[in-house]
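Understanding the architecture of this molecule
As a plain string of letters, each chain reads:
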Amino acid sequence: MSRTNLRRHEPLSGSSVRTRHRGLERSRHLAPSIRLCTVCDKPGDQQCSACRAIFFCSTRCQKLLGPTHKALCGRDSEAFFFPPLSPADVEALERIKDKPFGAHDPPVTFAQYLMRIAPVCFGRWEIFIPIVTAANSGSSDASRNELRLYAYNHLHVAADQGWTVKQELPWHRFGTVALPTYRACVPEYQGRPHELWRHLSYVLRQELVYATLRCAELGGNATFSKPECVAQQALARRRVEEQVEKAELPRATKTALVCLSRRRSERNDALRRQAESFLR
Ligand SMILES: [Zn+2]
Ligand SMILES: [Zn+2]
């Protein structure tokens, strides 16, 4: 990489960590073929100033994804990291832990389900909370990721059901997007959870962009209009499929993930049409 090229990719803002990531990650992410904006797919040569792993075309795209990207920023891009739950998340989760989780027969509460599937908690809520709130360490932690995935999913469902205050938070919405993706992979990765998260990393990163755009559409965004968010979601979905295709996943899993992505997009289109006809 020549000095001239590096100068062209000046970060959006100054950062003391500019020089932290060298070698493979930097050279891969600076490859000319992938200098596209992570949000809108337009050519973009403004790098995230902290991790230099993703590009934006403009400050508005950077502002849209910046807050959600923070949990992944500067970390191993081959791994996936859910952010720790905030105090507000924990407070909400305490209130909804006895609400039903998923469609089980007989019904199970979130707390019951968690204790059933997560032996790491030894069946105890007071062990679960420190795990989901602890800061991420340098490496991906499969158990922590799984527990946070369920927690964010439940927080989103709760807001949707009116059990908590309705709000559009990208990581909560992402919980409902990522859970079926994760479950579609589990059968192929029994006993290899770390590998699962690594193989899914780029797919999930792209799903996160999709979830962020959907949140911006539903919750309102100062710089992105609703039609823009809708158009970007179509692009984001296409990029999810591209990442699925590139991922090191079994063929049957890839097919299942593409189906899931299409179904979700169709469901969102139907919800959107419903909302529009209601407003008319
Ligand atoms: Zn952009
Ligand atoms: Zn970053």
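What counts, and at which threshold
- Residues numbered from 1 in each chain as written.
- Chains lettered and ligands numbered in written order.
- Predicted model: local features only at pLDDT ≥ 70, side-chain atom pairs only at ≥ 80, totals over all residues.
- Heavy atoms only, no water.
- UniProt positions renumbered as here; feature names shortened; annotations may be inferred.
- Helix = DSSP H or I, 4+ residues; strand = E, 2+ residues; numbered from the N terminus.
- Phe/Tyr/Trp six-rings, centres within 6.5 Å; stacked < 30°, edge-to-face > 60°.
- Buried < 20%, exposed > 50% of the residue type's maximum accessible area, 1.4 Å probe, protein only.
- Donors = N, O, S within 2.8 Å, 3.2 Å for Na, K, Ca; no water.
- Tetrahedral: all angles 85-135°; square planar, octahedral: opposite > 155°, others 65-115°.

Moving on, we come to the UniProt feature "domain: MYND-type" (unreviewed entry) in the protein. The UniProt feature table records "domain: MYND-type" (unreviewed entry) at residues 37-73. Between the first and last C-alpha atoms of residues 37-73 the distance is 16 Å; the span itself is 30% helix and 11% strand.

Considering all chains together, one arrives at 17 aromatic pairs under this definition. Taking 5.3 Å as the distance between ring centres and 75° as the angle between the ring planes, the aromatic pair formed by Phe80 and Phe82 counts as edge-to-face. Phe80 sits in the buried class, given a relative accessible area of 0%. Between Phe82 and Tyr152 the ring centres are 6.3 Å apart and the planes differ by 20°, which places this aromatic pair in the stacked class. Residue Phe82 is located in the loop between α3 (59-69) and α4 (87-96), and its partner Tyr152 is located in helix α7 (residues 142-161); the two are separated by 70 residues in the primary sequence. Of the two residues, Phe82 and Tyr152, neither departs from the other in class, the shared state being buried. In textbook terms, an aromatic cluster arises when at least three aromatic residues are bridged by ring pairs, as seen for Phe80, Phe82, Tyr152, Trp171, Phe174, Tyr182 and Trp197.

Protein coordination of the zinc ion (ligand 2) is provided by Cys48 (SG), Cys51 (SG), His69 (NE2) and Cys73 (SG), with donor distances spanning 2.0 to 2.3 Å. Coordination at the zinc ion (ligand 2) is tetrahedral: its four donor atoms span angles of 104 to 114° at the metal. The sequence pattern formed by the donor residues of the zinc ion (ligand 2) is C-x2-C-x17-H-x3-C. For the pair His69 and Cys73, one class covers both residues: buried.

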